[in-house]
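A closer look at the structure
Residue-level listing of the chains:
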Amino acid sequence: MDDRGSAAGVVIRPATREDVDGLLAFDMTVVVRTRDDWDDVIDKASRGERLLLVAEVEGDIAAFGQAHHLDADAVDHAPAGWFLTGVTVLPPHRRQGLGASLTTARLDWIAQRSDTAWYFATADNVASIRLHSGLGFDEVSRASSIHGVTFAGGEGILFRRSPDS
């Protein structure tokens, strides 16, 4: 994947080991990652097992996004497939299109592996739902957990984007 700019001064690119310090600066209230965790994610990405992209603004990491394959989960009946697995944007950089740029780049990556992309979100996350709806995602189901993730407010929504979307 080549570097690509989404707006003036913004570069979307695969993460490298040199990015770990920048990634550690993110306040991860849901998932806490150590240096070793980030190194493991970057190693898996280098082997094509998953994707970790960063968005740089003026040379600093302002956001990151991930995608990878999830196996079927028998407990909550979640499907197997290639999933967008989260975007995090630092507060000063929100509402500047970084989430959309990272999502488009991740969808391009998934399209090289599958005709179908999946994603899930808490039902309260209107901004994420609106963004993904505009990219062709349709609601599939609602549940209290999807792939082992439970949701604030108690309800998550599973979405799918298929070639005919």
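In this text, all values refer to a predicted model and were calculated from it rather than measured experimentally. (Residues numbered from 1 in each chain as written. Predicted model: local features only at pLDDT ≥ 70, side-chain atom pairs only at ≥ 80, totals over all residues. Heavy atoms only, no water.)

Section: the side chain of Glu 56
Note the cut-off: Numbering of helices and strands runs from the N terminus; a helix is a DSSP stretch of H or I covering at least four residues, while a strand is a stretch of E covering at least two. In protein, a polar contact means a hydrogen-donor-capable atom and an acceptor-capable atom, both N or O and within 3.5 Å, with residues adjacent in sequence counting only if both atoms are side-chain atoms; elsewhere, any N or O pair within 3.5 Å suffices. Any two residues having at least one pair of non-hydrogen atoms within 4.5 Å are treated as being in contact.
If you trace the backbone, Glu 56 turns up in strand 2 (residues 50-57). There is a polar contact of 2.6 Å between the side chain of Glu 56 and the side chain of Arg 13. Those residues in contact with Glu 56 that sit more than four places away from it in its chain are Gly 9, Val 10, Val 11, Arg 13 and Ile 61.

Topic: the environment of Leu 158
This is how it is decided: The classification of residues rests on relative accessible area computed with a 1.4 Å probe and restricted to protein chains. Under 20% of the type maximum is buried, over 50% is exposed, and intermediate values are partly exposed.
Residue placement: Leu 158 occurs in strand 9 (residues 156-161). Accessibility expressed as a relative area gives 5% for Leu 158, which makes it buried. Between the C-alpha atom of Leu 158 and that of Ala 121, which follows or precedes it by 37 residues, the distance is 6.9 Å. Those residues in contact with Leu 158 that lie beyond four places of it in its chain are Pro 79, Phe 83, Trp 118, Tyr 119, Phe 120, Asp 138, Glu 139, Val 140, Ser 141 and Ile 146.

Section: the confidence of the model for the chain
Our working rule: pLDDT: the predictor's confidence for each residue, scored from 0 to 100.
The pLDDT averaged across the chain works out to 88; a share of 90% of its residues lies at or above 70. Confidence over residues 1-5 falls short of pLDDT 50; this stretch has 16 contacts with residues more than four positions distant or in other chains.

Quick notes on the pattern of salt bridges
Our working rule: Within this document, salt bridges are pairs made up of a side-chain nitrogen of Lys or Arg and a carboxyl oxygen of Asp or Glu, the two lying within 4 Å of each other.
In the structure shown here, the tally under the stated rule is nine salt bridges. Ionic pairing is found between Arg 17 and Asp 39, a salt bridge with its closest N-O pair at 3.0 Å. Placement of the pair is Arg 17 in the loop between strand 1 (10-14) and helix 1 (20-24) and Asp 39 in helix 2 (residues 35-46), with a sequence separation of 22 residues. The network of salt bridges with shared partners includes Arg 13, Asp 19 and Glu 56.

Things to note about the packing of aromatic side chains
Worth spelling out the cut-off: Pairing of aromatic rings covers Phe, Tyr and the six-membered ring of Trp, with a centre-to-centre limit of 6.5 Å; geometry is then stacked below 30 degrees between planes, edge-to-face above 60, and tilted otherwise. Over a ring means this: the NZ of a Lys or the CZ of an Arg is within 6 Å of the ring centre and within 35 degrees of the ring normal.
One pass over the structure, following the stated rule, counts seven aromatic pairs. Summarising the aromatic geometry, the rings of Phe 120 and Phe 151 are spaced 6.2 Å apart at their centres and angled 85° between planes, so their arrangement reads as edge-to-face. Taken together, the positions of Phe 120 in strand 5 (residues 117-122) and Phe 151 in the loop between strand 8 (149-150) and strand 9 put the pair 31 residues apart, joining distant regions of the chain. In this structure Phe 120 comes out as buried when scored by relative accessible area, which is 18%. Given a relative accessible area of 12%, Phe 151 falls into the buried group. Grouped by ring-pair contacts, the aromatic residues Phe 83, Trp 118, Phe 120 and Phe 151 constitute a single cluster. Of note, Arg 113 hangs over the ring of Trp 109, and the distance from its end group to the ring centre comes to 3.7 Å.

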